[in-house]
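Structural overview
The residues making up each chain are set out below.
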Amino acid sequence: MKYYLIVGEASGDLHASRLMASLRQYDPAAEFRFFGGDLMSAVGGERVRHYKDLAYMGFVPVLLHLRTIFRNMKWCKEDIVAWRPDVVILVDYPGFNLDIARYVHKHTQIPLYYYISPKIWAWKEWRVKAIRRDIKELFSILPFEVPFYQKHQYPIHYVGNPTAEEVMQFRRDYSESREAFLARHALSEKPIIALLAGSRKQEIKDNLPAMIEAARHFEDYQMVVAGAPSISRAYYNKVLGKQQVAIVDNETYALLTHSVAALVTSGTATLETCLLGVPQVVCYKTPLPRFIAFCRRHVLKVKYISLVNLIADEEVVTELVADTFSAENIARCLADIMPGETGRQRMLDGYRRVHDLLGDSNAPENAARIMTDLLRRGKQ
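Residue positions are counted from 1 within each chain, in the order its sequence is given. Confidence filtering applies because this is a predicted model: local features only for residues at pLDDT of at least 70, side-chain atom pairs given and counted only at 80 or more, and all residues used for totals across whole chains, interfaces and linings. Where side-chain values are given, they derive from all heavy atoms of the structure, hydrogens and water being excluded.

Moving on to helix H8 (residues 162-173). Segments assigned H or I by DSSP are reported as helices when at least four residues long, segments assigned E as strands when at least two residues long, and all are numbered from the N terminus. A helix is expected to span 1.5 Å for every residue after the first. For H8, which comprises 12 residues, the first-to-last C-alpha distance of 16 Å matches the rise-based estimate of 16 Å (1.5 Å per residue) to within 8%. Residues of H8 that are buried: Pro162, Thr163, Ala164, Glu165, Glu166, Val167 and Phe170. Where H8 is buried, its residues meet helix H1 (10-26), strand S5 (112-115), helix H12 (252-257), helix H13 (268-275), helix H17 (342-358) and helix H18 (363-379). With a side-chain oxygen positioned 3.0 Å from the backbone nitrogen of Thr163, the residue opening H8 is Asn161. Note on exposure labels: buried denotes an accessible area under 20% of the residue type's maximum, exposed denotes more than 50%, and partly exposed covers the range between, all computed with a 1.4 Å probe on protein chains only. Two residues form a contact once any of their heavy atoms are found within 4.5 Å. Any N or O atom pair separated by 3.5 Å or less is treated as a polar contact, with the protein-specific requirement of one donor-capable and one acceptor-capable atom, and with residues adjacent in sequence counted only for side-chain atom pairs.

Here you go:
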């Protein structure tokens, strides 16, 4: 069968690549065509656009690149119709993907599957109408999404959490000693505070400077930036300026394994940090912080922004967002989770509850099995 996949960022590239590998197990003749990244290309098929061409975040960057975004949308729609896949699989990235879904549903009979549900439960809950109209099957990786969609009379598949499975596999396979890791990256012997400032340029520009300022309070530790796969070293150097801060590219799991604490921008990285057992402070700078804080209290449908807290349905990790985001607050909260401090064990206990809630299912394998079964039954 022919599978057309669309992702818009690094995490989507990872999850989609593992889904593609699993689809090939259940459908050895699978053909892939996709908007994606290097990991998807390594599985096979034809990449027609790199996700870097899509990943614009924030009002101003999106406004400046509207022509490119609309051109990519138009091209994607035409390419799907021309290739005539058996299914279009959308991976997260709702702003782009839901527009594609609306077009494909309206103009073709091609079924649309959504792998990794858009986070409409946080806000824009009205989008559930478009999902019910356009998306034939939705595959969720967060257990609390099941009752949310049940409330809207839209049954979905909870397939397990791919991040949990990916971390578990990494922990099984990774054996590099701390000494070898430090030597390979020319790092000092000091304990590491990992800085995970996001996977997009705007996130890094907004969050990394305050993270560095906060980490400088801990002179007995070294800070190390987790370099995102889609961001060049030149961009990091531009943000850092004259500051000398070590960067480890494309090895976030290994870096976290050898870290004692982390400062993390909200997203999948908060869950990865949790599952790797590294205490963290969640830091997310926003424009108009007081306005955003008001919206969090009165507009957003959820109490938290980090996946760790959302899954646990309680505050396991501290979230410094909008009006609470500052280098001083980050440093204060970081001090509470360092070795020997009371907040550290409390957070690690919360991490264990999150892991129990996610379970140990292999999400891409479960999703691939269900997808191929549904598609074959649909052809009968």
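Across a sheet, paired strands are connected by hydrogen bonds in the backbone, their directions being either parallel or antiparallel. Only strands joined by at least two bridges in the DSSP assignment are considered to pair. Spatially, S3-S2-S1-S4-S5-S6-S7 is the arrangement adopted by the 7 strands of the open sheet, whose pairing is parallel. The open sheet is flanked by strand S3 (46-50) and strand S7 (157-158), the only strands paired with a single partner. In terms of strand pairing, strand S2 (residues 31-36) meets S3 through 4 bridges, oriented parallel. Its bridge partner being in S3, Phe34 is matched across the sheet by Arg47.

Right, let's get into the pattern of salt bridges. Think of a salt bridge as a Lys or Arg side-chain nitrogen and an Asp or Glu carboxyl oxygen that are within 4 Å of each other. Enumeration over the complete set of coordinates arrives at 21 salt bridges. Across the salt bridge formed by Glu46 and Arg33, the nearest N and O atoms sit 2.9 Å from each other. Remark: Arg33 occurs in strand S2 and Glu46 occurs in strand S3; sequence separation between them is 13 residues. Classification of Glu46 by relative accessible area gives partly exposed; the value is 45%. For Arg178, the salt bridge identified is with Glu189, shortest N-O distance 3.8 Å. Of the two residues, Arg178 is situated in helix H9 (residues 178-184) and Glu189 in the loop between H9 and strand S8 (192-196); the sequence distance between them amounts to 11 residues. Given the relative accessible area of 57%, Glu189 is considered exposed.

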